[in-house]
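Results of the structural survey
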Amino acid sequence: MKTVMVHINDDSKFQLFVSFLREIRFVQIEETASPVSKTKKMTELPQSVLHPVRVKQFRMYSREELHDRKSLY
């Protein structure tokens, strides 16, 4: 038995291709799920979320002020 991986670029043609393969008696189709390693699961919250840092002197800068400060450097 040989295994072949096929990438179908056009999603609209996928069902047509799969139905064609199912008609062939000696071809077996096995659908695999996407690897789990691509999705990251958070098991616990980081300490920065549980205990945020408080700052007494905090100022929100406007976009223009940030661009002006960037030109100084």
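Residues numbered from 1 in each chain as written. Predicted model: local features only at pLDDT ≥ 70, side-chain atom pairs only at ≥ 80, totals over all residues. Heavy atoms only, no water.

Thoughts on the overall build of the protein
Looking only at helices and strands, the protein features three helices and zero strands. Traced from its N-terminal end to its C-terminal end, the protein shows the element sequence α-α-α. Counting only residues that meet the buried cut, the protein has 3% of its 73 residues in that class. Carbon and sulfur atoms form 56% of the exposed surface of the protein, whose accessible area is close to 8,600 Å². (Helix = DSSP H or I, 4+ residues; strand = E, 2+ residues; numbered from the N terminus. Buried < 20%, exposed > 50% of the residue type's maximum accessible area, 1.4 Å probe, protein only. Areas by Shrake-Rupley, 256 points an atom, 1.4 Å probe, with all protein chains shown as cover.)

Topic: a nonpolar patch on the surface
Nonpolar side chains collect at one region of the surface, where Val 4, Val 6, Phe 17 and Phe 20 lie side by side and expose about 380 Å² of accessible area between them. Turning to its location among the elements, Phe 20 is positioned in helix α1 (residues 14–23). (Patch = residues over 30% accessible without salt bridge, like charges linked within 9 Å, V, L, I, M, F, W, Y side chains within 5 Å. Salt bridge = Lys/Arg side-chain N within 4 Å of Asp/Glu carboxyl O.)

A look at the confidence of the model for the protein
Confidence in the prediction of the protein, expressed as mean pLDDT, is 81, and 85% of residues score 70 or more. The weakest mean pLDDT in the protein belongs to helix α3 (residues 63–72) at 74; the strongest belongs to α1 at 90. (pLDDT = per-residue confidence, 0-100.)

Structural notes on the pattern of salt bridges
The final tally for this structure, using the stated rule, is one salt bridge. Where Arg 59 meets Glu 65, a salt bridge forms, and the shortest distance between an N and an O atom there is 2.6 Å. Taking the relative accessible area as the measure of exposure, Arg 59 reaches 46% and is therefore partly exposed. Residue Glu 65 is classed as partly exposed on the basis of its relative accessible area of 28%.

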